[in-house]
Amino acid sequence: MAPGMSAAPVNRNGVEFEAKITPIVIISCIMAATGGLMFGYDVGVSGGVTAMDDFLKKFFPVVYRQTKNAGGINSNYCKYDNQGLQLFTSSLYLAGLTSTFFASYTTRTLGRRLTMLIAGVFFILGVILNAGAQNLAMLIVGRILLGCGVGFANQAVPLFLSEIAPTRIRGALNILFQLNVTIGILFANLVNYGTAKIKGGYGWRISLGLAGIPALMLTIGSILVTDTPNSLIERGHLEQGKIVLKKIRGTENVEPEFLELVEASRISQEIKHPFRNLLKRRNRPQLIIAISLQIFQQFTGINAIMFYAPVLFSTLGFKNDASLYSAVITGAVNVLSTIVSIYSVDKVGRRALLLEAGVQMFFSQAVVAIVLGLKVTDHSDNLGKGFGILVVVMVCTFVSAFAWSWGPLGWLIPSETFPLETRSAGQSITVCVNLLFTFVIAQAFLSMLCHLKYGIFAFFSAWVLVMSLFVLFLLPETKNIPIEEMTERVWKRHWLWKRFMDDDNEYHNGTHEGGKNVYDPSSRL
């Protein structure tokens, strides 16, 4: 749908909300989504530089000797098993985990736009330290600053996108964040492929330094965009919120939606302790689903592949150039498949994409486990051309399924299910859990590869089966449902989650139909 075309009116409690897909919405969302570009580049670049000899010789000489079969490590699966090397990758996510708590406060009190700006500043500082690193301490501190940027960006960007987008295309615009993540990974893989060929030992510095491009894009974009009407109203700027609402909706007729946002804000202001409120009975379905999606997203095994794709392919017997080339292929598949998700998420729905992808990911990982079990041993890495191509194809099959399902939807579904009064806190918990388990996988993967060998793919495929069953039985469809109507149209109609929903009259008025005060909040905790 082209900018300026009207989106189908949304009926909320019998009121027609007029909204157009305006250029300001598209431009704002693209600028905001550059936070994903930065996140993706950081994910992709670390795996590439850790496969470069010059980088390993400077910071991880023990690993370098192991890769050259000079460190007493004979197993192909254990050449890169080093806690320091894993800390280089995982420190970013540990820092993001910590900073997301501060990001929740700034998102609520300073707004989504300023929180994105803070993320951009952290990114720039981290890039400077990483590119100029003279020792391991500078390298790790730089990664920690980048992690702080990730925590702030992942907190603010999905909220910004969900709140500024018209309901009919909310899914597609929100996935712009994940699309930028995949583009960032692909960009990093292409850069690594080029810098690995540079003589003189500084190619890795260029790889790490080029992260400054998306960092500057996010910083400048955050200065140029306006904050969301939800955030402005939440912070008491009612008139400014209405002006922005008119701009992004492309119409003067915004009074019904404006009044609903004001009412939602009024209710949210009554919540003095949003994190404590998250634990209340009526908020448990959203919280359980948000946490589960983040854990499951990491246990698909995607980050293990994306972090260490060059290392993984090197372990499987691909030579250095071939391993980086294979990582570029998976990165390209990641981008193209995310575009598929943008096109289909608001048409076929969230559940259908997740369930189809579950079958595809399970099959591809099972095939990889079987091939590696048969062809790669501790002391032989000769896959052969045919089986090598099969492994790359199966990895691409897995990546494509993830990219149109668990990748974008793991962020989209939590961002659109929490009500306004707990949205910032809910997003903070979502980011926190995501980064915690990303850290766990990043820190453990190379050791798991060493000990489980080809069984690591069987391990992740078993998790894919579990998460697919979770989606089948416990995840409701949220396609084209306005955020403010999730309770009535989603949670109260689900076979299990409806048991957790308070009656609106009881909650808001403290009365039942007979007029007697029967509501006891403590009875619902």
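Above this note sits the structure.
Residues numbered from 1 in each chain as written. Predicted model: local features only at pLDDT ≥ 70, side-chain atom pairs only at ≥ 80, totals over all residues. Heavy atoms only, no water.

### Focus on the overall build of the protein chain
Broken down by element type, the protein chain carries 24 helices and 2 strands. A buried classification covers 60% of the 525 residues belonging to the protein chain. Residue pairs in contact within the protein chain that sit at least 24 positions apart in sequence constitute 77% of those at least 6 positions apart. Working note: accessible area of the protein chain is about 19,600 Å², and carbon and sulfur atoms make up 65% of it. (Helix = DSSP H or I, 4+ residues; strand = E, 2+ residues; numbered from the N terminus. Buried < 20%, exposed > 50% of the residue type's maximum accessible area, 1.4 Å probe, protein only. Contact = heavy atoms within 4.5 Å. Areas by Shrake-Rupley, 256 points an atom, 1.4 Å probe, with all protein chains shown as cover.)

### Here's the deal with the pattern of salt bridges
Considering all chains together, one arrives at 13 salt bridges under this definition. Members of the salt-bridge network, linked through shared partners, are Arg108, Arg112, Glu163, Glu234 and Arg423. (Salt bridge = Lys/Arg side-chain N within 4 Å of Asp/Glu carboxyl O.)

### Structural notes on the environment of Ser162
Mapped onto the elements, Ser162 comes out in helix α7 (residues 136-164). For Ser162 and Ala172, which are 10 residues apart along the polypeptide, the C-alpha to C-alpha distance reads 9.8 Å. Among all residues touching Ser162, those that are not within four sequence positions of it are Arg170, Asn174, Ser415 and Ile483.

### Description of the environment of Val359
Within the secondary structure layout, Val359 lies in helix α18 (residues 350-375). It is 8.0 Å that separates the C-alpha atoms of Val359 and Leu465, two residues lying 106 residues apart in sequence.

### So, the packing of aromatic side chains
Inspection of every chain in the model, using the stated rule, returns 16 aromatic pairs. Taking the centre distance of 5.6 Å and the plane angle of 70° together, the rings of Phe55 and Trp204 count as edge-to-face. Linking Phe55 in helix α3 (residues 53-59) with Trp204 in helix α9 (residues 203-209), this pair joins segments that are 149 residues apart in sequence. Both residues of the pair, Phe55 and Trp204, belong to the buried class. Each member of the aromatic cluster is reached from another via a ring pair, and the members are Phe296, Phe299, Trp406, Phe437, Phe459, Phe460, Trp463 and Phe470. Stacked on the ring of Phe59, the Lys or Arg Lys58 has its end atom at 5.8 Å from the ring centre. In this arrangement the basic side chain of Lys197 is found over the ring face of Tyr193, its NZ or CZ atom lying 4.8 Å from the centre. (Phe/Tyr/Trp six-rings, centres within 6.5 Å; stacked < 30°, edge-to-face > 60°. Lys NZ or Arg CZ within 6 Å of the ring centre and 35° of its normal.)

### Section: the side chain of Arg350
Secondary-structure assignment places Arg350 in helix α18. By relative accessible area, which is 1% here, Arg350 ends up buried. A distance of 3.0 Å separates the side chain of Arg350 from the side chain of Asp346, its partner in a polar contact. With sequence-adjacent residues up to four places away left out, Arg350 is seen in contact with Arg170, Gly171, Val345, Leu409, Leu412, Ile413, Glu416, Glu477, Thr478 and Lys479. (Polar contact = N/O pair within 3.5 Å; in protein donor to acceptor, adjacent residues only side chain to side chain.)

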